[in-house]
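Take a look at the letters that make up each chain.
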Amino acid sequence: MGITIKKLSEEEAKALGITSWPKWEQGESSFDWYYGDNEDCYLLEGEVEVETSEGEKVRIGKGDFVHFPCGIKCKWHITKPIKQFYHFC
């Protein structure tokens, strides 16, 4: 199973308790990442393209609720600074 993305409004994110998760911010950059756990995140702002080692490419932006399954190796390309809530699950 790969990366999954679902659009959520800020009201839906709040109702689901996502806004109580830790927040992470990052400026424009590119870096390699490995998911040692399942991780969910919700982008408040910014844009990023994630490319997995298997060649899957996804674009993520404001309002996207994203699930990254454990074991994925990828490269993040942040094109507009991001702010997001995240949760290891």
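Only a predicted model underlies this, so the values are computations on that prediction, with no experimental measurement involved.

A. A look at the overall build of the chain. Helix and strand counts for the chain come out as 1 helix and 7 strands. For 89 residues, the compact-globule estimate of 2.2 N^0.38 gives 12 Å, and the chain sits close to it at 12 Å. The dimensions of the chain, computed from C-alpha atoms along their principal axes, are 35 × 25 × 20 Å. A sequence separation of at least 24 residues applies to 76% of the contacts in the chain between residues at least 6 apart. Across the chain, the 11 positively charged side chains and the 16 negatively charged ones have centroids separated by 3 Å.

B. Region of interest: the pattern of salt bridges. Overall, the coordinates contain 5 salt bridges when judged by the stated rule. We note a salt bridge from Asp32 to Lys75, for which the minimum N-O separation is 3.8 Å. On the criterion of sequence distance, the pair formed by Asp32 in strand S3 (residues 29–34) and Lys75 in strand S7 (residues 73–88) is long-range, its members being 43 residues apart. By relative accessible area, which is 59% here, Asp32 ends up exposed. We classify Lys75 as partly exposed; its relative accessible area is 31%. Across the salt bridge formed by Glu47 and Lys80, the nearest N and O atoms sit 3.7 Å from each other.

C. The side chain of Asp64, seen in detail. By secondary structure assignment, the location of Asp64 is in strand S6 (residues 64–68). A polar contact is formed between the side chain of Asp64 and the side chain of Lys7, at a distance of 3.0 Å. Among the polar contacts listed, one links the side chain of Asp64 to the backbone nitrogen of Gly61, at a separation of 2.7 Å.

D. Main features of the packing of aromatic side chains. Scanning the model with the defined rule gives 9 aromatic pairs in all. Relative to Tyr35, the ring of Trp33 lies with its centre 6.5 Å away and its plane at 70 degrees, an arrangement referred to as edge-to-face. Through pairs of rings, three or more aromatic residues link up here, namely Trp24, Phe31, Trp33, Tyr35, Phe68 and Trp76.

Rules and cut-offs
Residues numbered from 1 in each chain as written. Predicted model: local features only at pLDDT ≥ 70, side-chain atom pairs only at ≥ 80, totals over all residues. Heavy atoms only, no water. Helix = DSSP H or I, 4+ residues; strand = E, 2+ residues; numbered from the N terminus. Rg over C-alpha atoms; globule rule 2.2 N^0.38 Å. Contact = heavy atoms within 4.5 Å. Lys, Arg positive; Asp, Glu negative; His and termini not counted. Charge placed at Lys NZ, Arg CZ, Asp CG, Glu CD. Salt bridge = Lys/Arg side-chain N within 4 Å of Asp/Glu carboxyl O. Buried < 20%, exposed > 50% of the residue type's maximum accessible area, 1.4 Å probe, protein only. Polar contact = N/O pair within 3.5 Å; in protein donor to acceptor, adjacent residues only side chain to side chain. Phe/Tyr/Trp six-rings, centres within 6.5 Å; stacked < 30°, edge-to-face > 60°.

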